[in-house]
Amino acid sequence: MELIGPKASEKTLDRLRTKNVDVKLEQLVDLNSISDGTYTTSHGETIDADCHFLCMGKPLASSWLKETFLKEKLDRFGRLMVDQCMRFEGRDNIFVVGDITDVREIKQGLLAQKHAMVAVNNLKLLMDGGKESETPRSRLQHIQCQNC
């Protein structure tokens, strides 16, 4: 909620409801209660579904980085700290993209793709002897680059 905000949340909820999606709020699904495609919520409701995808609330699989030289730049969530050029903080030749970055945003594939665009552009610039471009964190979603 803190990254989206109430207005965007309301728009999303309205859009889902116009598509006849039955949205369950403030409930949990007990994944251990699955029986023949029937799921039970914390309010005792049942949901029939062919499958489910567990996509949220999973920690990053980055604990192994604590055993490497990268450990100095892991935040408390296990994400790597990057600068405005998507470089691993303190290194000129290591670029980081995706969920593992400490960029404050909703972690989505589309945004990881935008990170990659910035990193690829910067790698090309560096290979051609140029200076990398900066994408301010607050505008990363728009890929508006400026010189570092």
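Described below are features of the structure shown in this document. (Residues numbered from 1 in each chain as written. Predicted model: local features only at pLDDT ≥ 70, side-chain atom pairs only at ≥ 80, totals over all residues. Heavy atoms only, no water.)

## Comments concerning the pattern of salt bridges
Line of reasoning, step 1. As enumerated under the stated definition, the model contains six salt bridges in all.
Line of reasoning, step 2. A salt bridge links K24 to E45; the shortest N-O distance between them is 2.5 Å. Here K24, found in the loop between α1 (6–18) and β1 (38–40), pairs with E45, found in the loop between β1 and β2 (46–48); they are 21 residues apart in sequence, far enough to count as distant.
Line of reasoning, step 3. Each of D22, K24 and E45 takes part in salt bridges that share partners, so that together they form one network. (Salt bridge = Lys/Arg side-chain N within 4 Å of Asp/Glu carboxyl O. Helix = DSSP H or I, 4+ residues; strand = E, 2+ residues; numbered from the N terminus.)

## Details of a nonpolar patch on the surface
Line of reasoning, step 1. A contiguous nonpolar patch, built from V29, L31, I34 and L54 and spanning about 300 Å² of accessible area, is present on the exposed surface.
Line of reasoning, step 2. Along the chain, the position of L54 falls in the loop between β2 and α2 (109–127).
Line of reasoning, step 3. Classification of L54 as partly exposed rests on a relative accessible area of 49%. (Patch = residues over 30% accessible without salt bridge, like charges linked within 9 Å, V, L, I, M, F, W, Y side chains within 5 Å. Areas by Shrake-Rupley, 256 points an atom, 1.4 Å probe, with all protein chains shown as cover. Buried < 20%, exposed > 50% of the residue type's maximum accessible area, 1.4 Å probe, protein only.)

## Observations regarding the environment of G90
Line of reasoning, step 1. With respect to the element layout, G90 can be found in the loop between β2 and α2.
Line of reasoning, step 2. For the pair G90 and K73, spaced 17 residues apart in sequence, the C-alpha to C-alpha distance is 8.7 Å.

## Digging into the packing of aromatic side chains
Line of reasoning, step 1. For the structure shown, the criterion picks out one aromatic pair.
Line of reasoning, step 2. Look at F69 and F88: their rings are 6.5 Å apart centre to centre, the planes differ by 85 degrees, and that puts the pair in the edge-to-face class. With a gap of 19 residues between them, F69 in the loop between β2 and α2 and F88 in the loop between β2 and α2 connect regions that are remote in the sequence.
Line of reasoning, step 3. Since its relative accessible area comes to 3%, F88 is described here as buried. (Phe/Tyr/Trp six-rings, centres within 6.5 Å; stacked < 30°, edge-to-face > 60°.)

## Quick word on the side chain of D75
Line of reasoning, step 1. Inspection of the secondary structure puts D75 in the loop between β2 and α2.
Line of reasoning, step 2. A residue is classified by how much of its surface remains accessible, and D75, at 19% relative accessible area, is buried.
Line of reasoning, step 3. Only 2.8 Å separates the side chain of D75 from the backbone nitrogen of F77, close enough to count as a polar contact.
Line of reasoning, step 4. When sequence neighbours within four positions are dropped, the list of residues in contact with D75 reads M81 and D102. (Polar contact = N/O pair within 3.5 Å; in protein donor to acceptor, adjacent residues only side chain to side chain. Contact = heavy atoms within 4.5 Å.)

## Some points on the environment of F95
Line of reasoning, step 1. For F95, the position within the fold is in the loop between β2 and α2.
Line of reasoning, step 2. Through-space distance from the C-alpha of F95 to that of D83 is 9.3 Å; in sequence the pair is twelve residues apart.

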